[in-house]
Amino acid sequence: MWRRIFKFSGLLVVIVFLIITLAFTSHESRNIICRNIEVDFRADDIIKINNSEILKLVKSADDSIVGKTLGKINAEFIEQEVEKHKAVLKAEVYKVLVKDSTSYKGILTVKVKHRKPVVRIVSENGNYYLDKFGGRIPVSNQYTANVLAATGNISEKFAVEELLPFILYLKEDEFWEAQIEQIHLENNGDVLLIPLVGDQIIELGKLENYETKLRNMRAFYNQVLAANNCWDKYKSVSLKYSNQIVAKKR
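First, a word on what this report is: a plain description of the structure on this page. As the structure is a computational prediction, the values presented were derived from the model and not from experiment. Along each chain, numbering runs from 1 in the same order as the chain's sequence is written. pLDDT decides what is reported in this predicted model: residues at 70 or higher carry local features, side-chain atom pairs at 80 or more are listed and counted, and totals for whole chains, interfaces and linings draw on all residues regardless. Side-chain figures throughout are based on the complete set of non-hydrogen atoms in the structure, without hydrogens or water.

Next up on the list: the sheet that holds strand β1 (residues 34-40). Strand order in this open sheet of three strands is β1-β3-β2, and the pairing throughout is mixed. Each having just a single partner strand, β1 and β2 (88-100) make up the two edges of the open sheet. The mean angle between the axes of side-by-side strands here comes to 20 degrees, regardless of whether they run parallel or antiparallel. Residues count as neighbours in contact if any of their non-hydrogen atoms are within 4.5 Å of one another. An axis is simply a line fitted to the C-alpha atoms; with a helix, the fit covers only the stretch in contact. Between two such axes, the angle follows the N-to-C directions and lies from 0 to 180 degrees. Helical segments are the DSSP runs of H or I of at least four residues, strand segments are the runs of E of at least two, and each set is numbered from the N terminus. Contacts between helix α2 (residues 51-61) and the sheet are confined to β1 and β3 (103-114), with β1 contributing the most and set at about 130 degrees to the helix. Running at roughly 140 degrees to β2, helix α3 (residues 75-82) makes contact with β2 and β3 of the sheet. We call two strands paired when DSSP finds no fewer than two bridges between them.

Here is the structure:
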């Protein structure tokens, strides 16, 4: 019994010591001078803004970070300012202590998560990318993204509310993600799909019941085009009509 009491008392002493030490370290770190700003993001992000652009956003929030004590740096405000950039999904700012020979120095680390585009809208109403959340990402000479293109008379409302769910559906299907390289919206609201394999245009019609339409088109691919090796025989395939496929020869 006494052994358990002594063991518990020893553990309690260690915990109290750690709490006091961490509190002291936290208090002392507030007075450490920030000597540098470091930017961190994944190199394989599809689109990304460069270090200098991120630093510009950081300095727009606080232009005197280097030379200021860590305790006086408002990390939350800096995060908010960086996240105002349309290509940024989330920003996290950390204050880091680094041992420097005989003393400590402070480093402000800015970690950025970029938005991931799923489609590029090229329309008279705008030229931009959309991510899966409907976030609009501006086109920039700093980056390019090899994603599905959508052209035609596309309003931003249609792009987000109707076109985007359809595109996400395509992306969830390995076959359709690889097969469709462009979507075109005609003035009457009909949607055309331009495939990567085969020269025929797929006339989807309105964006309704597209799951059934694509299932029928997949069957047409397997039972007609692939089975007879006639990928270039038809100039268009219409899925407009309920449970029907109308193929026009060249």
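This part is about the pairing of β3. By the bridge criterion, six bridges tie β1 to β3 in an arrangement that is parallel. Each bridged residue has a counterpart across the sheet, and for Val-39 the counterpart in β3 is Val-110. Of the strand pairs in this sheet, β2 and β3 are connected by twelve bridges, and their pairing is antiparallel. Bridging across to β3, Val-88 finds its partner in His-114.

With that settled, consider the sheet that holds strand β5 (residues 126-131). The nine strands are arranged β6-β5-β4-β7-β8-β9-β10-β11-β12 in an open sheet whose pairing can be described as mixed. Single-partner strands in this sheet number two, and they are β6 (136-138) and β12 (246-249). Sheet twist, expressed as the mean angle between neighbouring strand axes with direction ignored, is 25 degrees. On the sheet, helix α4 (residues 156-172) packs against β4 (117-123), β5, β6, β7 (148-152), β8 (180-185), β9 (191-195) and β10 (201-205) and is oriented at approximately 135 degrees with respect to β4.

A positive phi angle, close to 55 degrees, is found at Asn-209, a residue other than glycine. Along the chain, Asn-209 falls in the loop between β10 and α6 (210-228).

So, on to the pattern of salt bridges. In what follows, salt bridge is the name for a side-chain nitrogen of Lys or Arg lying within 4 Å of a carboxyl oxygen of Asp or Glu. Across all of its chains, the model carries eleven salt bridges by this definition. As a salt-bridge pair, Glu-53 and Lys-56 come within 3.9 Å of each other at their nearest N and O atoms. Remark: Lys-56 and Glu-53 occur in helix α2; sequence separation between them is three residues, near one turn of the helix. In this structure, Asp-190 and Lys-240 form a salt bridge, with 3.2 Å as the shortest nitrogen-oxygen distance. Taken together, the residues span a long stretch of sequence, with Asp-190 in the loop between β8 and β9 and Lys-240 in the loop between β11 (234-238) and β12 at a distance of 50 residues.

Aromatic ring pairs: the centre-centre distance and the angle between the two ring planes describe each pair. Any two rings among Phe, Tyr and Trp, with Trp reduced to its six-membered ring, count as a pair given centres within 6.5 Å; such a pair is stacked if its planes are under 30 degrees apart, edge-to-face if over 60, and tilted if neither. For the coordinates displayed, the defined rule picks out five aromatic pairs. Between Phe-166 and Tyr-210, the ring centres sit 5.0 Å apart and the planes meet at 70 degrees, which makes this aromatic pair edge-to-face. One end of the pair, Phe-166, is in helix α4; the other, Tyr-210, is in helix α6, and 44 residues separate them in sequence. Here the two residues Phe-166 and Tyr-210 agree in accessibility, since each one is buried. Each member of the aromatic cluster is reached from another via a ring pair, and the members are Phe-166, Tyr-169 and Tyr-210. A positively charged side chain is recorded as over a ring if its NZ (Lys) or CZ (Arg) lies within 6 Å of the ring centre. The angle to the ring normal must also be within 35 degrees. Note that Arg-136 overlies the ring of Tyr-128, its terminal NZ or CZ placed 3.8 Å from the centroid. Its guanidinium or amino end placed over the ring of Phe-175, Arg-218 lies 4.1 Å from that ring's centre, counting from NZ or CZ. Remark: exposure states derive from per-residue accessible area (1.4 Å probe, protein chains only) relative to the maximum for the residue type, with buried under 20%, exposed over 50%, and partly exposed in between.

No statement about biological role is implied by the geometric values presented.
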